[in-house]
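Next come the chains, spelled out residue by residue.
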Amino acid sequence: MISFVVDTTAELIKIAPVHHALTARGTKPQLWFSAYPVDEIADVLEDLRLPEPDLWLVPRDEARNIETPEHDHREDRLDAARQAAQGTHR
(Lines give C-alpha, C1' and ligand atoms only; values in the text may rest on other atoms or scores of the structure.)
Protein backbone atom coordinates (compact mmCIF):
# COMPACT_ATOMS: atom_id res chain seq x y z
CA MET A 1 0.00 0.00 0.00
CA ILE A 2 1.20 3.49 -0.84
CA SER A 3 -0.04 6.33 1.34
CA PHE A 4 0.71 10.01 1.06
CA VAL A 5 0.65 11.76 4.44
CA VAL A 6 0.16 15.46 3.79
CA ASP A 7 -0.15 18.39 6.14
CA THR A 8 -0.61 21.40 3.86
CA THR A 9 -2.09 22.37 0.53
CA ALA A 10 1.45 22.96 -0.76
CA GLU A 11 2.21 19.31 -0.08
CA LEU A 12 -0.96 18.29 -1.95
CA ILE A 13 0.28 20.28 -4.94
CA LYS A 14 3.62 18.48 -4.80
CA ILE A 15 2.21 14.96 -4.59
CA ALA A 16 -0.60 15.41 -7.14
CA PRO A 17 1.49 14.43 -10.22
CA VAL A 18 2.84 11.34 -8.44
CA HIS A 19 -0.65 10.39 -7.25
CA HIS A 20 -1.98 10.69 -10.82
CA ALA A 21 0.94 8.69 -12.27
CA LEU A 22 0.41 5.87 -9.77
CA THR A 23 -3.32 5.86 -10.41
CA ALA A 24 -2.72 5.71 -14.18
CA ARG A 25 -0.60 2.58 -13.57
CA GLY A 26 -3.44 0.85 -11.73
CA THR A 27 -2.33 1.57 -8.17
CA LYS A 28 -4.71 3.21 -5.73
CA PRO A 29 -2.54 5.29 -3.42
CA GLN A 30 -4.17 6.49 -0.24
CA LEU A 31 -4.28 10.10 0.83
CA TRP A 32 -3.98 10.84 4.54
CA PHE A 33 -4.53 14.48 5.45
CA SER A 34 -4.23 16.46 8.66
CA ALA A 35 -6.96 18.95 7.67
CA TYR A 36 -4.87 22.11 7.55
CA PRO A 37 -5.87 24.61 6.21
CA VAL A 38 -9.56 23.77 6.30
CA ASP A 39 -10.82 26.68 4.21
CA GLU A 40 -8.83 25.68 1.14
CA ILE A 41 -8.87 21.89 1.06
CA ALA A 42 -12.03 21.27 -0.98
CA ASP A 43 -11.00 23.74 -3.70
CA VAL A 44 -7.42 22.45 -3.85
CA LEU A 45 -8.55 18.82 -4.12
CA GLU A 46 -10.94 19.76 -6.92
CA ASP A 47 -8.36 21.88 -8.76
CA LEU A 48 -5.79 19.06 -8.58
CA ARG A 49 -8.36 16.36 -9.45
CA LEU A 50 -7.49 14.49 -6.26
CA PRO A 51 -10.01 12.38 -4.33
CA GLU A 52 -11.20 13.12 -0.84
CA PRO A 53 -8.65 11.91 1.71
CA ASP A 54 -8.92 8.27 2.71
CA LEU A 55 -7.99 9.18 6.27
CA TRP A 56 -8.28 12.44 8.18
CA LEU A 57 -5.58 12.47 10.85
CA VAL A 58 -7.46 15.17 12.74
CA PRO A 59 -11.21 14.65 13.10
CA ARG A 60 -12.93 16.97 10.64
CA ASP A 61 -14.96 18.63 13.39
CA GLU A 62 -11.69 19.58 15.14
CA ALA A 63 -9.98 20.86 11.99
CA ARG A 64 -9.08 24.52 11.84
CA ASN A 65 -6.85 26.93 9.97
CA ILE A 66 -3.17 27.23 10.81
CA GLU A 67 -3.64 30.87 11.77
CA THR A 68 -5.80 29.92 14.77
CA PRO A 69 -3.97 27.09 16.51
CA GLU A 70 -5.27 26.09 19.91
CA HIS A 71 -3.14 22.99 20.31
CA ASP A 72 -0.26 21.52 18.36
CA HIS A 73 -1.70 18.29 16.96
CA ARG A 74 1.56 17.21 15.29
CA GLU A 75 2.23 14.43 17.81
CA ASP A 76 -1.43 13.38 17.68
CA ARG A 77 -1.24 13.17 13.87
CA LEU A 78 1.96 11.17 13.98
CA ASP A 79 0.40 8.74 16.46
CA ALA A 80 -2.70 8.42 14.26
CA ALA A 81 -0.55 7.78 11.19
CA ARG A 82 1.42 5.11 13.03
CA GLN A 83 -1.77 3.44 14.24
CA ALA A 84 -3.34 3.57 10.77
CA ALA A 85 -0.23 2.07 9.21
CA GLN A 86 -0.45 -0.78 11.72
CA GLY A 87 -4.20 -1.19 11.17
CA THR A 88 -5.07 -0.08 14.69
CA HIS A 89 -6.56 3.35 13.93
CA ARG A 90 -9.76 3.93 15.80
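Our subject is the structure that appears above.
Residues numbered from 1 in each chain as written. Predicted model: local features only at pLDDT ≥ 70, side-chain atom pairs only at ≥ 80, totals over all residues. Heavy atoms only, no water.

A. Seen up close, the environment of Pro 53. Looking at the secondary structure, you find Pro 53 in the loop between helix H2 (38–47) and strand S3 (55–56). Since its relative accessible area comes to 10%, Pro 53 is described here as buried. Taking the C-alpha atoms as reference points, Pro 53 and Ser 34, separated by 19 residues in sequence, lie 9.4 Å from one another. Setting aside residues no more than four positions away along its own chain, Pro 53 makes contact with Leu 31, Phe 33 and Leu 45. (Helix = DSSP H or I, 4+ residues; strand = E, 2+ residues; numbered from the N terminus. Buried < 20%, exposed > 50% of the residue type's maximum accessible area, 1.4 Å probe, protein only. Contact = heavy atoms within 4.5 Å.)

B. Expanded view of the pairing of strand S2 (residues 30–33). Here strand S1 (residues 3–6) runs beside S2; their pairing, made up of four bridges, is parallel. Counted as the bridge partner of Val 6 is Phe 33 from S2. A crossover links S1 with its parallel partner S2, the connecting element being helix H1 (residues 9–24), and its sense is right-handed. (Pairing = 2+ DSSP bridges. Right-handed = clockwise from strand over helix to strand, strands pointing away.)

C. Broad picture of unusual backbone geometry. Notably, Arg 49 is not glycine yet its phi reads approximately 55°, a positive angle. Note on placement: Arg 49 falls in the loop between H2 and S3.

D. Inspection of H1 at higher detail. Between its terminal C-alpha atoms H1 stretches 22 Å, which fits the 22 Å expected from 16 residues at 1.5 Å a residue. Within H1, the axis deviates most sharply at Ile 15, by approximately 40°, and proline Pro 17 lies no more than four positions further along. Taken together, the buried positions of H1 are Thr 9, Leu 12, Ile 15, Ala 16, His 19 and Leu 22. Phi turns positive one or two residues past the end of H1, at Gly 26, with a value near 90°. (Expected span 1.5 Å × (residues − 1). Bend = angle between axes of the 7 residues up to and from the residue.)

E. Seen up close, the environment of Lys 28. Tracing the chain through its elements places Lys 28 in the loop between H1 and S2. Under the relative-accessibility criterion, Lys 28 is labelled exposed at 59%.

F. Molecular detail of the packing of aromatic side chains. Enumeration according to the criterion identifies one aromatic pair in this entry. The interplanar angle of 85° and the centroid separation of 5.7 Å between the aromatic rings of Phe 33 and Trp 56 together place this pair among those described as edge-to-face. You can see Phe 33 sitting in strand S2 and its partner Trp 56 sitting in strand S3, a full 23 residues away along the chain. Like Phe 33, the residue Trp 56 is buried in the burial classification. (Phe/Tyr/Trp six-rings, centres within 6.5 Å; stacked < 30°, edge-to-face > 60°.)

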